[in-house]
Amino acid sequence: MRVFRYVLLSALVMLGCSRVDEIPSFSQIPDSDFTPEAISDWQTYAFIFSDGICTEVEKYPKLSYCRNIDASAGDIVSVIAMESMENIGFTNISEGEPAEDYHLLTSDMSPVISRTWATTFTVAENQKDFRQVMTPLTSELSISVKNAPESFMNATLPLVGFADGWRICSSEYISGEPSRDGEIKTEGEVVCASFLPGAKQEGTWKPGLLITLDEGKVRSKAELDWKMTTRSRIDITIDFTDFELKGIINISYTHRNIMNPRNSRTVNETLKTSYAPDNRHYMVQTIGTDGWTDEKVHDALCSNADKHSQIWNDWSNSKHLRDTMSYCIIDTGFPATIRVKKISGMFSKAEVRPSTYGIAVRDCGDNTIEFTLPSEAKGKVSVEFDSDRQHNLFIYAREPDTEKPAAETPGVIYYGKGEHNAGTIRLKAGQTLYIDHGAKVYANVKTEGSNVTIAGHGILSGEKMVHTGDSMYSWGDFLICCNETRINATNLTIKDITMIDSPGWNLIIPKTDGVLIDGVNMISWELNGDGIDVVSSRNVQIRNCFLRTYDDCITLKCRFIVSPITDVSDIDIHDCLIWADYARGIVIGPEAGNLKNPGYIHDITVKDCIFLQHKRGLDDDLRAAFAIGQGSDGSTALWTGDNPPRGISDVTATGLTFDNIDKSGRHIAIWQYGRSPVTMENISLNDINVIDSKGNRYPALYIKTNGSRIDNMKISGFTVNSQKVTSTSENIKIDSRSNVALTVD
């Protein structure tokens, strides 16, 4: 009887027997490009066939233990290694039966098994060294889902027509009756599986991928080659990017030969469904002399902060970290009567915020409400059904622009009604970019020099720009990068435009003196998707803006993105609506310069702003709807132990309203550096009105000095639900009151 050897037969050697030297050695030849790294640890079976009979079967706990095979010229040897024995069995592992009786089979009715590799060879005359390349019996597959809508339930790939076994001696795939017919299913997570390939290798494979949505089911009609399923890696991507607006699902099938992974081929399929009307969520109408007129409603991605407890960015959105909200831009006179019909489900109540506007909602039946916007100053609102702030509707209503330039005006880059794929728009000193009402421009903007204007009632969209980054940070471009050269500029105006889906910061204002940002709207879902970043600039006015971002909505910074770092000063922020999904609404700092560089933050006024939302305020953190931050943990490159931030002085916040922010959000936070003592001085909070029907879990004002100091801090007219806040109130929390020279009136 022939035997296999996977240990050194030392006992035979001691007896003077030379049998070990006569047994041919076996070894696998790994290839770093395709051989699994751990294959030497896989469980292994080896078979010898001689004259149509199986003469030996041996089992090894690891492939690396299979070192010697006692086989003669003309014998057929088959070595099979399996990552695990899940769903795998053999028809026979006893010797002495005809070769055709030895099969590898799946244990149930599915062809899905663990990765299995094998080599089958015929022994040559006088062959003493069996050095073999193991090759895959199984193929590998992954299914991933990108940008899944809320209505997505699952995707199922049926496995029909695949082999259910492998004939060991002849190295042939086989299919029994009935054939194996399992499935691979995902509910949004990335699913990976290995499986036996198609039982036949000729003809057309129709995957029949089935996508199930709340609205119904859609089946792929792609036709591929059965050969794609053999010794292959198949990556299937289901992309819903165009589904919400166009009803389109894009599917790609990428095929790579496992043994030649550099050679790949992709087959793309576009499924057009009937499930997406022009707008899936809302219908908006305005009343005029000719009756009711339909207004264009757009969808935009927004962050879902409730799902951001562990990671921030998630590029495939497999964890549903972002949602879809809607917005509507209306040119109208005032008062303006608006009707909104909710077309994505029934509702029991509706609200138009800010609540301080006192806008009454009238039920018109047919899932429709009506309300009146009293003036242009109160023309921007959030319409919310059943308190749903993830899928709400923003109305941006304004008087028509009577001062817009003509399209042919020298020095003006003009975009009229319709969609425009403009790429990167570069503005030189003295130029104007005008995006008219009804225009949607897919582009980013870079400015250089002074006297630059960006204006219009249209949309600047980053939806078609590259969104890239890691699980923590985005690395995409800014949607508007002003003063790109960082050489001192003057007189910048950005007015009335709506900015959507920036792949990085939305609007950066570095090293500029004399800035007006007026009436700008913004919706952004990414981390690093700051709204307006004012960096080492002065004489800046930000007014009448409506900003919703995942990261900071408005942030004032002295930081190393400019050199040298100079002051942020004489900043006036007023009459803005602020919606912070995760980080901070308006934040002064925390990038507040450092002692080794010139430049600090001073003379800042924030007035008559309404904070509509904030989420994810943590127990010991700077995240808040309104925040002042002076450095962070003392370990970043900007502030290290011997280089703390500079002082912050003369900050006045007056007439701030916090309109029922989320119960997990924070209203106001002040945070100082935690390594070397630093100072703030002349900080005033006046006429602060907190409206809280959510039962917010935090004090309305949180101050953490970390051993630093705040001099001359004054609070007056601070109320929470109409109750005055006193110096001893639980709504003021300070880590060390002796570090804050505070008076409360």
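Residues numbered from 1 in each chain as written. Predicted model: local features only at pLDDT ≥ 70, side-chain atom pairs only at ≥ 80, totals over all residues. Heavy atoms only, no water.

A.B. asks: Help me understand the sheet that holds strand S12 (residues 135-136), please; the structure alone is not making it clear to me.
C.D. replies: Where strands meet in a sheet, backbone hydrogen bonds hold them as pairs that are either parallel or antiparallel. Here 5 strands make up an open sheet; going across it, the order is S4-S3-S6-S10-S12 and the pairing antiparallel. At either end of the open sheet lies a strand with only one pairing partner, and these are strand S4 (53-60) and S12. Here strand S3 (residues 43-50) runs beside strand S6 (residues 76-82); their pairing, made up of 7 bridges, is antiparallel. Residue pairing for S6: Phe47 is matched across the bridge by Ser78. (Pairing = 2+ DSSP bridges. Helix = DSSP H or I, 4+ residues; strand = E, 2+ residues; numbered from the N terminus.)

A.B. asks: How do you make sense of the layout of surface pockets when you look at a structure like this?
C.D. replies: Over the atoms rolls a probe the size of a water molecule, and in doing so it shows where empty space is left. Taken as a whole, the second largest pocket spans an internal volume of roughly 960 Å³. Taken together, 34 residues form the lining of the second largest pocket, with Tyr473, Asp551, Arg584, Pro590 and Glu591 sitting closest to its centre. Where the lining of the second largest pocket is concerned, the elements lending two or more residues are strand S51 (554-558) and strand S54 (586-592). For the lining of the second largest pocket, the per-class residue count stands at 16 nonpolar, 8 polar and 10 charged. (1 Å grid on protein atoms, 1.4 Å probe; cavity = no way out; pocket = protein on both sides within 12 Å on 5 of 7 lines; lining within 4 Å. Points joined across faces, edges and corners; volume = space filled by probe spheres on them. Nonpolar A, V, L, I, M, F, W, Y, C, P; charged D, E, K, R; others polar.)

A.B. asks: Before we go on, may I ask you to explain the pattern of salt bridges in this structure?
C.D. replies: Side-chain pairs of opposite charge can arise where the charged atoms are in close proximity. Going through the model one piece at a time under the given rule, you end up with 35 salt bridges. The closest approach of N and O atoms between Lys440 and Glu463, which form a salt bridge, is 2.9 Å. Of this pair, Lys440 sits in strand S39 (residues 439-447) while Glu463 sits in the loop between strand S41 (459-461) and strand S42 (480-481), placing them 23 residues apart in sequence. Residue Lys440 is classed as buried on the basis of its relative accessible area of 6%. When its relative accessible area of 27% is taken as the criterion, Glu463 is described as partly exposed. The network of salt bridges with shared partners includes Asp530, Asp533, Lys557, Arg559 and Glu591. (Salt bridge = Lys/Arg side-chain N within 4 Å of Asp/Glu carboxyl O. Buried < 20%, exposed > 50% of the residue type's maximum accessible area, 1.4 Å probe, protein only.)

A.B. asks: For this particular structure, what's the right way to read the nonpolar core?
C.D. replies: Across soluble globular proteins, nonpolar side chains show a tendency to be buried alongside one another. One finds Ile542, Ile573, Phe626, Leu701, Met713 and Phe718 to be the most contacted residues of the largest nonpolar core, which totals 83 residues. Core analysis: the next-biggest nonpolar cluster, separate from the first, contains 37 residues, Leu393, Phe394, Ile395 and Ile610 among them. (Core = buried A, V, L, I, M, F, W, Y, C linked by side-chain atoms within 4.5 Å.)

A.B. asks: What is the right way to look at unusual backbone geometry in this model?
C.D. replies: Most peptide bonds take the trans configuration, and most residues that are not glycine carry a negative phi. Backbone torsion omega between Arg353 and Pro354 reads 15°, so that peptide bond is classified as cis. Along the chain, Pro354 falls in the loop between strand S31 (350-353) and strand S32 (362-365). Residue Pro564 is reached from Ser563 by a cis peptide bond, and omega for that bond is -5°. As for its position among the elements, Pro564 is in the loop between S51 and strand S52 (568-574). Not every positive phi belongs to a glycine, and Asp501 is a case in point at roughly 60°. Here Asp501 is to be found in the loop between strand S44 (498-500) and strand S45 (507-510). A relative accessible area of 7% means that Asp501 is categorised as buried. One non-glycine residue, Asn528, lies in positive phi territory at about 65°. Tracing the sequence through the fold places Asn528 in the loop between strand S47 (521-523) and strand S48 (532-535).

A.B. asks: Sorry, what's going on with the pairing of strand S13 (residues 139-146) here?
C.D. replies: Looking along a regular strand, one sees side chains alternate from face to face of the sheet. By the criterion of burial, S13 is predominantly enclosed, with 7 of the 8 residues buried. Where S13 lies against strand S18 (residues 191-195), 5 bridges are found, and the strand directions are antiparallel. Across the sheet, Ile143 pairs through a bridge with Val191, a residue of S18. Pairing of S13 with strand S23 (residues 232-239) involves 7 bridges; the strand directions are parallel. When the sheet's bridge partners are listed, Lys146 is paired in S23 with Asp239.

A.B. asks: Explain the environment of Trp315 to me, please; I cannot follow it from the model alone.
C.D. replies: Looking at the secondary structure, you find Trp315 in the loop between strand S28 (297-303) and strand S29 (322-331). If sequence neighbours within four positions are ignored, Trp315 has contacts with Asn147, Arg322, His467, Thr468, Gly469, Asp470, Tyr473, Ser474, Trp525 and Glu526. There is a polar contact of 3.1 Å between the side chain of Trp315 and the backbone oxygen of Asp470. (Contact = heavy atoms within 4.5 Å. Polar contact = N/O pair within 3.5 Å; in protein donor to acceptor, adjacent residues only side chain to side chain.)

A.B. asks: How do you make sense of the environment of Thr485 when you look at a structure like this?
C.D. replies: Structurally, Thr485 can be placed in the loop between S42 and strand S43 (489-495). In this structure, the C-alpha to C-alpha distance between Thr485 and Thr447, residues 38 residues apart in sequence, is 8.7 Å.

A.B. asks: It is not clear to me how the environment of Thr424 should be interpreted in this structure. Could you clarify?
C.D. replies: Its place among the elements puts Thr424 in strand S37 (residues 418-427). You can call Thr424 partly exposed: its relative accessible area is 39%. Apart from the residues within four sequence positions on either side, Thr424 is in contact with Asn444 and Lys446. A polar contact of 2.9 Å, which involves the side chain of Thr424, links it to the side chain of Asn444.

A.B. asks: Even after reading the chapter, I still don't get the packing of aromatic side chains, so can you show me in this structure?
C.D. replies: Two numbers describe a pair of aromatic rings. These are the distance of the centres and the angle of the planes. Evaluated as defined, the whole model comprises 27 aromatic pairs. On the numbers, 5.2 Å between centres and 75° between planes, the contact of Phe162 with Trp226 is edge-to-face. With Phe162 in the loop between strand S14 (152-158) and strand S15 (165-167) and Trp226 in the loop between strand S22 (224-225) and S23, the pair connects residues that are 64 residues apart, well separated along the chain. Exposure class is identical for Phe162 and Trp226. Each is buried. Here the aromatic cluster, defined as three or more aromatic residues joined through ring pairs, consists of Tyr45, Phe47, Phe49, Phe90 and Tyr102. Positioned above the aromatic ring of Trp525, the side-chain terminus of Arg322 is 4.2 Å from the ring centre. (Phe/Tyr/Trp six-rings, centres within 6.5 Å; stacked < 30°, edge-to-face > 60°. Lys NZ or Arg CZ within 6 Å of the ring centre and 35° of its normal.)

A.B. asks: Please explain the sheet that holds S15 as it appears in this structure.
C.D. replies: Sheet architecture is open: 4 strands sit in the order S7-S8-S15-S16, paired in antiparallel fashion. Looking at which strands have only one partner, the edges of the open sheet turn out to be strand S7 (88-90) and strand S16 (172-174). The average undirected angle you get between the axes of adjacent strands in this sheet is 25°. Judged from the 3 bridges that link them, S7 and strand S8 (residues 103-106) form a sheet pairing that is antiparallel. Following the sheet pairing, Gly89 is matched in S8 by Leu105. (Axes fitted to C-alpha atoms, helices over the stretch in contact; angles between N-to-C directions.)

Coordinates in, geometry out; function isn't part of it.
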